[in-house]
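Given next are the chains, with one letter for each unit.
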Amino acid sequence: MSEPAFKSEFLKTMQARGYIHSITHPAELDAACLKGPITAYIGFDATAPSLHVGHLIQIMMLRRLQQAGHKPIVVMGGGTTKVGDPTDKEGQRPLLTEAQIQANIATIRGTFEKFLTFGDGPTDAIMVDNDEWLSRFGYVEFLREFGVHFTINRMLAFESVKLRLEREQPMTFLEFNYMLMQSVDFLELERRFACALQMGGSDQWGNIVNGVELIRRLDGKPAFGLTTPLLSTASGAKMGKTVGGAVWLNADMRSPYDYWQFWRNTEDADVGRFLRLFTDLPEAEVARLEKLPGAEINEAKKVLANETTRMLHGAEATEAAAKAAEAAFEQGRLSADLPTHEVVGAELEAGILLAALVHDAGLASSRGEARRLAQGGGLRVNDKPEPDANRNVTAADLVDGVVKLAAGKKKIVLVKPV
RNA sequence: GGGGGAAUGUCCCGAGCGGCAAAGGGGGCGGACUGUAAAUCCGCUGGCGUACGCCUUCGUAGGUUCGAGUCCUACUUCCCCCA
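Just so it is clear, the model here is predicted, and its values are computed rather than measured.

About the thresholds
Residues numbered from 1 in each chain as written. Chains lettered and ligands numbered in written order. Predicted model: local features only at pLDDT ≥ 70, side-chain atom pairs only at ≥ 80, totals over all residues. Heavy atoms only, no water. Phe/Tyr/Trp six-rings, centres within 6.5 Å; stacked < 30°, edge-to-face > 60°. Helix = DSSP H or I, 4+ residues; strand = E, 2+ residues; numbered from the N terminus. Buried < 20%, exposed > 50% of the residue type's maximum accessible area, 1.4 Å probe, protein only. pLDDT = per-residue confidence, 0-100. Contact = heavy atoms within 4.5 Å. Pairing = 2+ DSSP bridges. Core = buried A, V, L, I, M, F, W, Y, C linked by side-chain atoms within 4.5 Å. Arc of directions from axis to C-beta. Salt bridge = Lys/Arg side-chain N within 4 Å of Asp/Glu carboxyl O. Axes fitted to C-alpha atoms, helices over the stretch in contact; angles between N-to-C directions. Left-handed = near helix turned anticlockwise from the far one by under 90°. Nonpolar A, V, L, I, M, F, W, Y, C, P; charged D, E, K, R; others polar.

**Notes on the packing of aromatic side chains**
Point 1. For the structure on display, the rule yields ten aromatic pairs.
Point 2. Considering the side-chain rings of F44 and F112, the 4.9 Å spacing of their centres and the 65° angle between planes classify their relative orientation as edge-to-face. Of the two residues, F44 sits in strand β2 (residues 39–44) while F112 sits in helix α5 (residues 98–115), which places them 68 residues apart along the sequence. Like F112, F44 is buried.
Point 3. Three or more aromatic residues joined by ring pairs make a cluster, and in this case those are Y259, F262, W263, F274 and F278.

**Some remarks on the confidence of the model for chain A**
Any residue range with low pLDDT should be treated as having predicted coordinates unsuitable for detailed reading.
Point 1. With 87% of its residues at a pLDDT of 70 or more, chain A shows a mean pLDDT of 85.
Point 2. The weakest mean pLDDT in chain A belongs to strand β7 (residues 241–242) at 49; the strongest belongs to strand β3 (residues 71–76) at 96.
Point 3. In this model residues 85–94 is a low-confidence stretch, pLDDT under 50, and it forms nine contacts with partners more than four residues away in sequence or in other chains.
Point 4. Model confidence for the complex: the whole-complex pTM is 0.84, and ipTM, which rates the interface, is 0.80.

**Observations regarding the sheet that holds strand β11 (residues 379–381)**
Point 1. The strand order across the open sheet formed by five strands is β9-β15-β14-β11-β12, and the pairing between neighbours is mixed. In the strand order of this sheet, the two ends are held by β9 (340–343) and β12 (384–385), each with one partner.
Point 2. With two bridges joining them, β11 and β12 adopt antiparallel strand pairing. Opposite R380, over in β12, you have P385 as the bridge partner.

**Comments concerning the nonpolar core**
Point 1. With 73 residues, the main nonpolar core has L56, F112, M199, L226 and W263 as its most contacted residues.
Point 2. No other element matches the eight residues that helix α3 (residues 53–67) contributes to this core.
Point 3. Not counting chain neighbours up to four residues away, the residues in contact with L56 comprise F115, L249, Y259, W263 and F278.
Point 4. Formed by 28 residues, the second largest nonpolar core is a distinct cluster that contains F137, F142, F158 and C195.

**Some thoughts on helix α1 (residues 9–16)**
Residues that lie three or four places apart on an α-helix share one face, since the helix turns once every 3.6 residues.
Point 1. Looking at α1, one finds that the buried residues are F10, L11 and M14. An end-on view of α1 places all buried positions within 90° of arc, on one side of the element.
Point 2. Turning to α1, the residues buried within the fold contact β1 (22–23), α2 (26–35), α3, β5 (197–201) and β6 (224–228).
Point 3. With its phi angle positive at about 85°, G18 sits one or two positions after the end of α1.

**Here we look at the pattern of salt bridges**
Point 1. Under the defined criterion, the tally for this structure stands at 20 salt bridges.
Point 2. A salt bridge links D280 to R64; the shortest N-O distance between them is 2.7 Å. Separated by 216 residues along the polypeptide, D280 in the loop between α13 (271–278) and α14 (283–290) and R64 in helix α3 bring together distant segments of the chain.
Point 3. Given the relative accessible area of 5%, R64 is considered buried.
Point 4. Between R191 and D219 there is a salt bridge, and its shortest N-O distance comes to 3.0 Å. Of the two residues, R191 is situated in helix α10 (residues 173–193) and D219 in the loop between α11 (205–218) and β6; the sequence distance between them amounts to 28 residues.
Point 5. The exposure class assigned to R191 is partly exposed, which follows from its relative accessible area of 44%.

**Let's talk about the sheet that holds β5**
Point 1. Taken in spatial order, the six strands of this open sheet run β1-β6-β5-β2-β3-β4, and their pairing is mixed. Single-partner strands in this sheet number two, and they are β1 and β4 (126–129).
Point 2. Here β5 pairs with β6 via five bridges, running parallel. Following the sheet pairing, G200 is matched in β6 by T227.
Point 3. Against the sheet, α1 touches β1, β5 and β6, its axis set at about 10° to β5.
Point 4. Across the sheet, α2 lies against β1, β5 and β6, angled at about 105° from β6, the strand it touches most.

**Here we look at the packing of α1 against α3**
The geometry of a pair of packed helices is captured by two quantities: the angle between their axes and the separation between those axes.
Point 1. Interaxial distance between α1 and α3 falls to 9 Å at its minimum, and their mutual angle equals 145°. As α1 runs across α3, the sense of the crossing is right-handed. Here α1 contributes E9, F10, T13 and M14 to the contact with α3, which in turn contributes M61, R64, L65 and Q67.
Point 2. Considering only residue class, the contact of α1 with α3 consists of four nonpolar, two polar and two charged.

**With respect to the environment of R288**
Point 1. Looking at where R288 falls in the secondary structure, it is placed in helix α14.
Point 2. Residue classification places R288 among the partly exposed residues on the basis of a relative accessible area of 47%.
Point 3. When the C-alpha atoms of R288 and D270 are compared, they prove to be 14 Å apart, with 18 residues separating the residues in sequence.

Set out below in structure tokens:
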């Protein structure tokens, strides 16, 4: 890959920090960024009430954009979500209702507000819903207006399509049209907000390029696309899948403590890369941290966890998470900031089946799993390995008013009678 | 329209003479070793029950059989070839 020397602050930062996979017209975009504020967007689906860390790199790009004095647009896929993602194999999944989608968008908005400054100013971020325009088109109208600009020949040549066909995996007509819808999104944003740049993951390249060309052809306006590399950890695992499934960004779906832990457990080899991508720390500081030898790299991981958690959940929650972790891992003490699970005092007096308690506390997805965990030596009660999950936990197990349950070394829950 | 194939443990891939809770991977979880890392090795990986056990799973619905993922019929979806 060639590395053109960018002049604009935005692209220089993007390149130095590792966000860039490819750009459609690098030199031209660089010049545009240099000339004045540009407007750029990224689209997000509203399939869940929260985004997860997989989206974080995109969110951070918008943040960098704004930091560099440009205007970010967050496009929520209200229209596309309504249709449902055809990539999903299990088509029986019930389609989200209008209300659900709107509710999802509302809670997701809160996340963006942590990373971007919204408002009416020239570089303030705005959020729009593509349902606004996508659901307005009539079929024939849509075909006549946009369909003429896309040839099947070209669409078939796109990597995403080719791959599917080669692997003999079905691709629905709807999915095939995604490209058009996304292109129309870009066109619409160009017309409404003079939006000139669409960013996204490298898997979006084809879709983005189509939008770029549609704008250039129809409106003769400059339009650009920029994609990020697909994120995986140094050892090849997909980013964001861990202990409890997806690493959600909403605090009520994944606690600040767990979020902090997620970053704290980063592989050595990823620390520098993640600090550049997910924190605002200056390059010099990142360079220093990533070079820490041996076990000292753990300090860098703490910085990473602190910075990322603060950005999302605030200073207070971060401090609590860091303190709880320090107490639990470095001093073996308890901290009230650890996740807790409340039980009715009277039930505890009577005795609660340990397997059930572990399950209820969220440390195992079933009682059976709790039992297996115990048999495998991974379950601890008050720091003592407990091979028998069939015993009852009673008030006698309380230490300083709580029972400390641990599944493995990293998942800890305090059971508190109420 | 005709012909031939395919759908498996709801994370993914994938084997499966009529006795199957179903081989093997990957992933995930746990243990050992470490530094809350990686690599490596070991164990676990449908639900419920303290246990003998019970229940629910192989695209959907029926059928044959003591017994069906496995055989038959119809349906659904997908793939390939011919038109």
